[in-house]
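Chain by chain, the residues run as shown.
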Amino acid sequence: MFSVPKSDRWLTMSSTFFHSILYTFISVLWFTKGQQYGDGEFGRRVSLYQYTYAAGIVYHVRNKPPQLMCGAAIIHPLWVLTAARCFPQDARIEDYEVFAGDVEYFSKSSSEQHRRIWNIVFHSNYTTFPAEFNIALVELIQPFDITNSVRSGFLPQGPLREYMNCKTLGLKNEWWIPTPVLVDVDTIARRREECLHLIQSPQWLLAAPVFDYCLISSSISSRALRDPFHGNIGAPSVCNNTIQAITSDLPFLDLSGPIIVTDVGKHLAWIRSNIIKREPAQQYSYNAQIMRSPLGVIVLVLQMLLLAT
């Protein structure tokens, strides 16, 4: 009968023991990371249906993978709100697109929707130094399809107030997930003076933007989003279930410090006037694009027949 030499048996037992220890270590590490990831220390990962108006702005470079430039918020099937600084002066509209319907960016989920940009409307008073009125409306060529994972968000009733509790959206990269994931962090609104005191960065303060409030993490353990993703700029902060603010600057390059925001509530008249003023022209351009394809002509004819009946 064949018997295994003692030296080989010792090696086999050692190998099995080593693999058991390694497996246990990885399991504990995974569980620990998962617990931290879920309790807010690294930002809470959100569900696909939690912030259906969350969007991202992607920049396409020839012969290179797409780059996530900014976050955004859908306020109308044809309109997205973001920070004006997301688009440089020499930006070419055709190089950008907006996507929504996913919480793991670039994962190519079946729920994802991608839309090309028709126009970018900067606030008429927007300045870059010092940054002020850092807000922009992005007009899409084709409206987003309304689904369970893509819907417009609500605009606030008025301006941001001190001590208002919010949830700030941003991106986080975890070692077990190959793509950035959407997370939220509990924040509270504080006045400019307190924000500047917390920042204490001479270089940043020299070029500090004009703002009334910033958002600060309301939990000491929320050391969230240490990775300086570009996608955090332009992302919405949700207060009372409305899109109350847009992230315009991050002095610490992440969401662990004061978050400088543009108060959406102070620009409601500007937002509504631009959407009302431009929507008929946008609808015309959308129909014109449809007319370029035979199938599009058939669709429009059928729509007209249905309306006539």
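Residues numbered from 1 in each chain as written. Predicted model: local features only at pLDDT ≥ 70, side-chain atom pairs only at ≥ 80, totals over all residues. Heavy atoms only, no water.

**Student:** Give a detailed account of empty space enclosed by the protein, specifying residues and quantitative values.
**Tutor:** As enumerated under the stated definition, the model contains two cavities of 30 Å³ or more in all. Put simply, the largest cavity is a space of about 60 Å³. As for the largest cavity, its lining consists of 14 residues, of which Ala-55, Gly-71, Tyr-105, Leu-182 and Ala-235 are closest to the centre. The set of elements that each furnish at least two residues to the lining of the largest cavity consists of β2 (54–59), β3 (67–76) and β10 (165–172). At four residues, the largest contribution of residues to the lining of the largest cavity is made by β3. Residues of the lining of the second largest cavity, tallied by class, amount to five nonpolar, three polar and one charged. (1 Å grid on protein atoms, 1.4 Å probe; cavity = no way out; pocket = protein on both sides within 12 Å on 5 of 7 lines; lining within 4 Å. Points joined across faces, edges and corners; volume = space filled by probe spheres on them. Helix = DSSP H or I, 4+ residues; strand = E, 2+ residues; numbered from the N terminus. Nonpolar A, V, L, I, M, F, W, Y, C, P; charged D, E, K, R; others polar.)

**Student:** Could you give me a rundown of the packing of aromatic side chains, with the residues and numbers involved?
**Tutor:** Applying the stated criterion to the full structure yields four aromatic pairs. Measuring from centroid to centroid gives 5.0 Å for Tyr-59 and Tyr-96, while their planes differ by 45 degrees, and the two rings are tilted. Here Tyr-59 is found in strand β2, whereas its partner Tyr-96 is found in strand β5 (residues 96–100), with 37 residues between them in sequence. On the basis of relative accessible area, Tyr-96 is assigned to the buried category, the value being 4%. (Phe/Tyr/Trp six-rings, centres within 6.5 Å; stacked < 30°, edge-to-face > 60°. Buried < 20%, exposed > 50% of the residue type's maximum accessible area, 1.4 Å probe, protein only.)

**Student:** Pulling in residues and values, what's your account of the state of the cysteines?
**Tutor:** Going through the model one piece at a time under the given rule, you end up with three disulfides. A disulfide bridge connects Cys-166 with Cys-239, and the sulfur atoms are separated by 1.9 Å. Here the S-S torsion is close to 100 degrees, and the disulfide linking Cys-166 with Cys-239 is therefore right-handed. One end of the pair, Cys-166, is in strand β10; the other, Cys-239, is in strand β13 (residues 236–239), with 73 residues separating them in the sequence. Disulfide pairing places Cys-195 opposite Cys-214 at an S-S distance of 2.0 Å. Looking down the S-S bond of the Cys-195 and Cys-214 bridge, the torsion is -95 degrees, so its handedness is left-handed. Pair noted here: Cys-195 is in helix α2 (residues 192–199) and Cys-214 is in strand β12 (residues 213–217), with a separation of 19 residues, a long-range link. In this structure, Cys-195 and Cys-214 share a single accessibility class: buried. Within the protein, bonded cysteines paired by disulfides and numbered along the sequence follow the pattern 1-2, 3-6, 4-5. (Disulfide = S-S within 2.5 Å.)

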